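Structural description and commentary
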Amino acid sequence: MSTTPEHLKWPADAGCDAVPYSVFNSAEVYELEQEKIYNGDMWHFLAAEAEIPDHGSFKSTYIGDTPVVVTRGHDDGIYAWVNRCAHRGAEICRERHGKVEDGMYTCVYHQWGDDAQGNLRGIPFQRGLAGKGGMPKDFDKKKHGLRTARVVNYHGAIFGTFGDNTPDIEEYMGEDVAYHFKRLMHKPIEILGTTRQYIAGNWKFYSENTKDPYHASLLHLFHATFGLYRSSQKGASIINNDFHSVLWASSGTEDKSALEDMKKDKLRTLQTGEYALKDPSLLKGQQEFDDGITLVILSLFPSLVLQQIQNTLAFRQILPKGKDEFELVWTYFGYKDDTQELRDIRLKQFNLIGPGGLISMEDGESTELCQKAIIRDGDKTSVIQMDGKEATGNDHLVTEGLIRGLWQGYQKVMGF
């Protein structure tokens, strides 16, 4: 592991409540992240098991900016390997999803063939043609397989790691995060759709956003106006192992005094008397869980957000593409035993989320606004002090404690 250059050190007077802007716009920091986070001892979301349902199914994705393929072998095992032929470094799988009937993944360049586990199985002209050419006699295919990642299937979600000492996935998550993960993944799922968007900002700005419970009342007009989520509702912010967090809330549980305080602030986003839906059925969903929770934003550092917003269920996969750009992949799902009525509700409510979602589109914009404004003055810092300076959760939704947890963990793993 390399050491952090002196000029990238965290300011001595800045804790987890003040973040130097250099971590968002430095190419050196980005390269260190690829080494210490994405090639380190961390779990990265790769796919839902339902995305690779059959023998020979595969999905192309990434761990950081390293291309990876997730496969289901004919032995029903799930594997992951770097999408790079051992011969000349060419990309092997060029489709995002697919299926190979014969179990062989063949590079188009020189047709080297690997199996679902990443083992090299075939080389054209290995023994030459008519006694000419061919590989050396001591060439051993076993030494030229693909680089593999260790994988785990956790309640229908596939995670991968390149680290040698990555802890057990549930230990990695922490008890509370694991509970809420299992709550949403408590039975088999079906994939209902996928959307993708590129955002011109550093991936960590978006990671901050997913750990920020009170921005939703201030940024998202639809959330606040129609009561899907407000900071005045019953809810909590939970932090596990610094990095990982859960925000939950229950609609219709307003603290009246808190709501009155919001009205006194004359928020731009609280327009309860100004707007109405032409199609109110958009918000006429079903209560699915006995605990009454209607919103969960589970953030598993560095690459996954698992969410419930009303009857929408989705994975969000964060894929960095450089220091100032990332791809956000939304994978929408329901449960296999959903009634047709509930499936139709989910499909309609998916208009709330995604790249152009009524309560999601502002998040991409806010990320880009931040990136544009911190292009210079990397030594200046943000101010993350709502509800104190410590990295803690709380039993309310007006806090930045989870963001402080993100940066506390980030400093440790990056060596700042």
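The coordinates are above.
Report on the accompanying structure. Along each chain, residue indices are assigned from 1 in the same order as the chain's sequence is written. Local features in this predicted model are restricted to residues whose pLDDT is 70 or higher, and side-chain atom pairs enter the listing and the counts only when it is 80 or higher, whereas totals over whole chains, interfaces and linings include all residues. Excluding hydrogens and water, the side-chain values take into account all heavy atoms of the structure.

Comments concerning the sheet that holds strand S6 (residues 104–106)
- Here we have three strands laid out as an open sheet, ordered S6-S7-S8, and antiparallel in their pairing. Strands at the two margins of the open sheet, each flanked by one partner only, are S6 and strand S8 (120–122). Taken pair by pair, the neighbouring strands of this sheet meet at an average axis angle of 40°, ignoring direction.
- Sheet topology note: the S6/strand S7 (residues 113–115) ladder contains three bridges and is antiparallel. When the sheet's bridge partners are listed, Tyr 105 is paired in S7 with Asp 114. Two strands form a pair only when DSSP identifies at least two bridges running between them. Secondary structure follows DSSP: runs of H or I at least 4 residues long count as helices, runs of E at least 2 residues long count as strands, and numbering of each begins at the N terminus. Lines are fitted to the C-alpha atoms to define the axes, a helix being fitted only along its stretch in contact, and any angle between axes, read from their N-to-C directions, falls within 0 to 180 degrees.

Thoughts on the side chain of Thr 294
- Locating Thr 294 in the fold gives a position in the loop between helix H8 (256–264) and strand S14 (295–300).
- Pairs of N or O atoms are called polar contacts if they sit within 3.5 Å, as long as, within protein, a hydrogen donor faces a hydrogen acceptor (for residues adjacent in sequence, only side-chain-to-side-chain pairs). Side-chain polar atoms of Thr 294 contact the backbone nitrogen of Ser 251, separated by 2.9 Å.

Description of the environment of Val 177
- Inspection of the secondary structure puts Val 177 in helix H4 (residues 175–184).
- Every residue pair with non-hydrogen atoms within 4.5 Å of one another is taken to be in contact. Val 177 has contacts with Asn 240, His 244, Ser 245, Val 246, Leu 298 and Leu 300, leaving out every residue within four places of it along the chain.

Details of the packing of helix H2 (residues 27–38) against helix H11 (residues 401–414)
- Look at H2 against H11: their axes get within 10 Å of each other, and the N-to-C directions meet at 85°. Classed by the angle they form, the pair H2 and H11 counts as roughly perpendicular. Of H11, the residues touching H2 (which contributes Val 29, Leu 32, Glu 33, Lys 36 and Ile 37) are Tyr 410, Val 413 and Met 414.
- The nonpolar class holds Ala, Val, Leu, Ile, Met, Phe, Trp, Tyr, Cys and Pro. Asp, Glu, Lys and Arg form the charged class, and all remaining residues, Gly among them, are polar. Residues of the contact of H2 with H11, tallied by class, amount to six nonpolar, no polar and two charged. Each angle receives one of four descriptions, namely roughly parallel if under 35 degrees, roughly antiparallel if over 145, roughly perpendicular if within 65 to 115, and oblique otherwise.

Considerations on the pairing of strand S17 (residues 326–335)
- Relative accessibility thresholds used throughout: buried, under 20% of the residue-type maximum; exposed, over 50%; partly exposed, between the two (1.4 Å probe, protein chains only). Within S17, 10 of the 10 residues are buried, leaving the element largely enclosed by the surrounding structure.
- Residues Phe 326, Leu 328, Trp 330, Tyr 332 and Gly 334 line one face of S17 and the alternating positions Glu 327, Val 329, Thr 331, Phe 333 and Tyr 335 line the opposite face, and both faces are buried.
- Sheet topology note: the strand S16 (residues 312–320)/S17 ladder contains eight bridges and is antiparallel. Following the sheet pairing, Gln 317 is matched in S17 by Val 329.
- Count of turn residues in the S16/S17 antiparallel hairpin: five residues, of which Gly 322 carries a positive phi of about 140°.

Remarks on the packing of helix H5 (residues 203–210) against helix H10 (residues 361–373)
- Relative to each other, H5 and H10 sit at 130°, their axes nearing to 9 Å. As judged from the angle between their axes, H5 and H10 are oblique. Seen from above, H5 lies across H10 with right-handed handedness. Contact residues: H5 offers Phe 205, Tyr 206 and Asn 209, while H10 offers Asp 363, Ser 366, Thr 367, Cys 370 and Gln 371. In a left-handed crossing the near helix is turned counterclockwise from the far helix by less than a right angle, and in a right-handed crossing that turn is clockwise.

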